[in-house]
Amino acid sequence: MKATGVVRRIDDLGRIVIPKEIRRTLHIKEGDPLEIFTDKEGEVILKKYSPIGELSEFASGYADTLSKTTGHIACITDKDTVIAVSGGSKKEFLEQTLSPELEKVLENKEVYTSKENNEIALPITQNDNKERRYNSQVIYPIISDGDVIGSVILLSKEQNSKMGEAELKVVQSAAGFLSSQMDI
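Figured I'd write up the structure that's included with this text. Computed from a prediction, not measured in an experiment: that's the story for all the values here.

Here we look at the sheet that holds strand β7 (residues 147-156)
Here five strands make up an open sheet; going across it, the order is β4-β3-β7-β6-β5 and the pairing antiparallel. The outermost strands of the open sheet, each flanked by one partner alone, are β4 (82-86) and β5 (112-114). With direction set aside, neighbouring strand axes in the sheet form an average angle of 15°. Examined bridge by bridge, strand β3 (residues 73-77) and β7 share five bridges and lie antiparallel to one another. Counterpart to T77 in the pairing with β7 is S151.

Right, dumping it as structure tokens:
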């Protein structure tokens, strides 16, 4: 664990303020859920909670099925990172931080489709170096209780591949199914 040198007092209601710099660095926004852990030494650890991350093993199997069914790279994300990938490089995607462009699409609850090579491909992770790597892609938000908790993404590197209505319906179904798993 890394010390920050910041000391805060608990107020009379038991609240503590997490400094703005730390919230910005860890991408913690107002309303984000935090999970609380304690250990034997009396340490209290706050961790950003990812409801879709709880389903990471299930999401991994679902990504495999999506990839095999469509022939495309399938990614499932929470709000911050890629939690499952199939059909593509795990090193390139898995546990990588989402790009600001993708975060904005998710914040706006948008469905994004680039159907052809002449349309702009959205970078998926922060490590994308802004060069065009996918000829087509579909991004669909996973929404639970009105809040975006992640996304389902199909990507194609095939030169003549286009995302159509079928791919859109597949990711829509996957997002709906994953959302329904949050209610169980």
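Re the nonpolar core
Formed by 20 residues in total, the largest nonpolar core has its most connected members in I52, I76, I142, V152, V171 and L178. Breaking this core down by element, the ones donating at least two residues are α2 (56-70), β3, β4, β6 (136-144), β7 and α5 (165-182). At four residues, α5 tops the list of elements feeding residues into this core. Ignoring any residue separated from it by four or fewer positions in sequence, one finds I52 in contact with T77, D78, I83, I142, I149, L178 and M182. Core analysis: the second largest hydrophobic core is formed by 17 residues, C75, L122, I153 and L155 among them.

Rules behind the numbers
Residues numbered from 1 in each chain as written. Predicted model: local features only at pLDDT ≥ 70, side-chain atom pairs only at ≥ 80, totals over all residues. Heavy atoms only, no water. Pairing = 2+ DSSP bridges. Helix = DSSP H or I, 4+ residues; strand = E, 2+ residues; numbered from the N terminus. Axes fitted to C-alpha atoms, helices over the stretch in contact; angles between N-to-C directions. Core = buried A, V, L, I, M, F, W, Y, C linked by side-chain atoms within 4.5 Å. Buried < 20%, exposed > 50% of the residue type's maximum accessible area, 1.4 Å probe, protein only. Contact = heavy atoms within 4.5 Å.

Geometry only, nothing functional implied.
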